[in-house]
Amino acid sequence: MLQSIDAMLAGDPPNLKQVVAHTYEFGLRGRIPAASADAGTLSWNLSAFRTNLEDDIYGIATSVSTGFFQNIGSTRRQGIEAALNYQAVAWSAYLNYSYVDATFESPLLLPSPSNPFQDANGNIQVEPGDHLPGIPRHRIKAGLDYKVLPQWVVGVSVKFVSDQYYYGDESNQTAPMPSYQVVGLHSSYQATRWLQVFAHIDNLLNAKYDTYGVYSDPTGIGTPGVPVTGVTNGPGVDNRFLSPAYPFAIYGGVRITF
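Residues numbered from 1 in each chain as written. Predicted model: local features only at pLDDT ≥ 70, side-chain atom pairs only at ≥ 80, totals over all residues. Heavy atoms only, no water.

Along the protein, the regular secondary structure elements total zero helices and 16 strands. Here the protein, with 258 residues, has 31% of them falling under the buried criterion. Approximately 15,500 Å² of the protein is accessible, and the part contributed by carbon and sulfur atoms is 58%. (Helix = DSSP H or I, 4+ residues; strand = E, 2+ residues; numbered from the N terminus. Buried < 20%, exposed > 50% of the residue type's maximum accessible area, 1.4 Å probe, protein only. Areas by Shrake-Rupley, 256 points an atom, 1.4 Å probe, with all protein chains shown as cover.)

This brings us to the sheet that holds strand β16 (residues 249-256). Read across the sheet, nine strands follow the order β2-β3-β6-β7-β10-β11-β12-β13-β16 without closing on themselves; strand pairing throughout is antiparallel. Pairing within the sheet leaves two strands with one partner each, and these edge strands are β2 (20-32) and β16. Strand-to-strand twist across the sheet, computed as the mean angle between neighbouring axes with direction ignored, equals 10°. Pairing analysis gives nine bridges linking strand β7 (residues 91-104) to strand β10 (residues 138-149), with the strands arranged antiparallel. Across the sheet, the residue bridging to Y97 is I140, located in β10. (Pairing = 2+ DSSP bridges. Axes fitted to C-alpha atoms, helices over the stretch in contact; angles between N-to-C directions.)

The next thing to look at is the environment of T174. As for its placement among the helices and strands, T174 is situated in the loop between β11 (152-161) and β12 (180-190). Given a relative accessible area of 9%, T174 falls into the buried group. C-alpha separation for the pair T174 and F117, spaced 57 residues apart in sequence, amounts to 8.0 Å. In this structure the side chain of T174 is engaged in a polar contact, spanning 2.8 Å, whose partner is the side chain of D169. There is a polar contact of 3.1 Å between the side chain of T174 and the side chain of Y215. (Polar contact = N/O pair within 3.5 Å; in protein donor to acceptor, adjacent residues only side chain to side chain.)

Let's shift gears to a nonpolar patch on the surface. Judged by side-chain polarity, W91, L144, Y146, V148, L149, W152, Y189, W194, V197, V254, I256 and F258 come together as a nonpolar surface patch covering roughly 1,200 Å² of accessible area. Secondary structure elements with two or more residues in the nonpolar patch: β10 and β16. Ranked by residues supplied to the nonpolar patch, first place goes to β10 with four residues. As for its placement among the helices and strands, W152 is situated in strand β11. The exposure class assigned to W152 is partly exposed, which follows from its relative accessible area of 35%. (Patch = residues over 30% accessible without salt bridge, like charges linked within 9 Å, V, L, I, M, F, W, Y side chains within 5 Å. Salt bridge = Lys/Arg side-chain N within 4 Å of Asp/Glu carboxyl O.)

When pLDDT is averaged across the protein, the result is 87; 84% of the residues are at 70 or more. Taken together, the stretch residues 1-7 has pLDDT below 50 and engages in 20 contacts with residues farther than four places along the chain or on a different chain. (pLDDT = per-residue confidence, 0-100. Contact = heavy atoms within 4.5 Å.)

Before going further, it helps to examine the pattern of salt bridges. Applying the stated criterion across every chain, the model contains one salt bridge. Between R77 and D56 there is a salt bridge whose closest N-O contact spans 3.6 Å. Note that R77 is positioned in strand β6 (residues 75-87) and D56 in the loop between β3 (41-54) and β4 (57-61), a separation of 21 residues in sequence. In this structure R77 comes out as partly exposed when scored by relative accessible area, which is 24%.

You can see S98 is positioned in strand β7. With relative accessibility at 16%, the residue S98 sits in the buried group. As for S98 and E81, which are separated by 17 residues in sequence, their C-alpha atoms are 4.4 Å apart.

Tracing the backbone through its elements, the reader meets D169 in the loop between β11 and β12. Despite its burial, D169 pairs with no opposite charge, the nearest such side chain being R240 at 9.4 Å. Setting aside its immediate chain neighbours within four residues, D169 contacts N115, I124, T174 and Y215. (Lys, Arg positive; Asp, Glu negative; His and termini not counted.)

Turning our eyes to something else, we now look at the pairing of β12. In this sheet, β12 lies alongside β11 in antiparallel orientation, the contact comprising 10 bridges. Residue V154 lies in a different strand from β12, and its bridge partner there is S187. Here β12 pairs with strand β13 (residues 195-202) via six bridges, running antiparallel. Among the inter-strand pairings, S187 is bridged to a residue of β13, identified as A199. Hairpin connection, β12 to β13: the antiparallel pair is bridged by four residues.

Here it is in structure tokens:
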């Protein structure tokens, strides 16, 4: 079932089938208290989940700015989430991990006229088990804070995101967007009970990466595309559109609590 959507803020068309979700989830959490006054406390949690969607609604992009919604049968999102958190007098640390396996569970023929592996009609064939685009399977976040003084805290954070498929490549035939790692620094000074001064450095190593990618038609935006390396049975034009992440940035400010 297809329905055009002319405005991004429009409501869902009334003739789309209702999505039905069946979710299963369980988890554990615990806490290991400090063995002494100088030792820290360790807390942890672990959970697993599975969500099966029937008559899922999916947005099909036909260009950079237009597309339509469609019921696509069944999809599944399953995975685990785990976290460790250590809290001591002078320092604290955390480690978070998530794994999300998001897949199509029904065969599906989708229009993707900008995909280099499209068929003669501009379509791609999606099979059960193909991964949904835009959803990285692995995410890791870690951080460490240290109290230089009781009022002064400095810290570092690290984020890792694994590769993800482009929208328009639901059949997973082209190389995915690469993984990336981002490092940040932060510091804060609690001058008084109500006044705090802080500073942040984002993307410390000035990593070059993209957070979103889609196959679309470059016609009319000033570029005909460039040759695609390794594509042997497509038109040989790179129709990938990417959203680059922010570069190195440093900023600071003052927080006032009333």
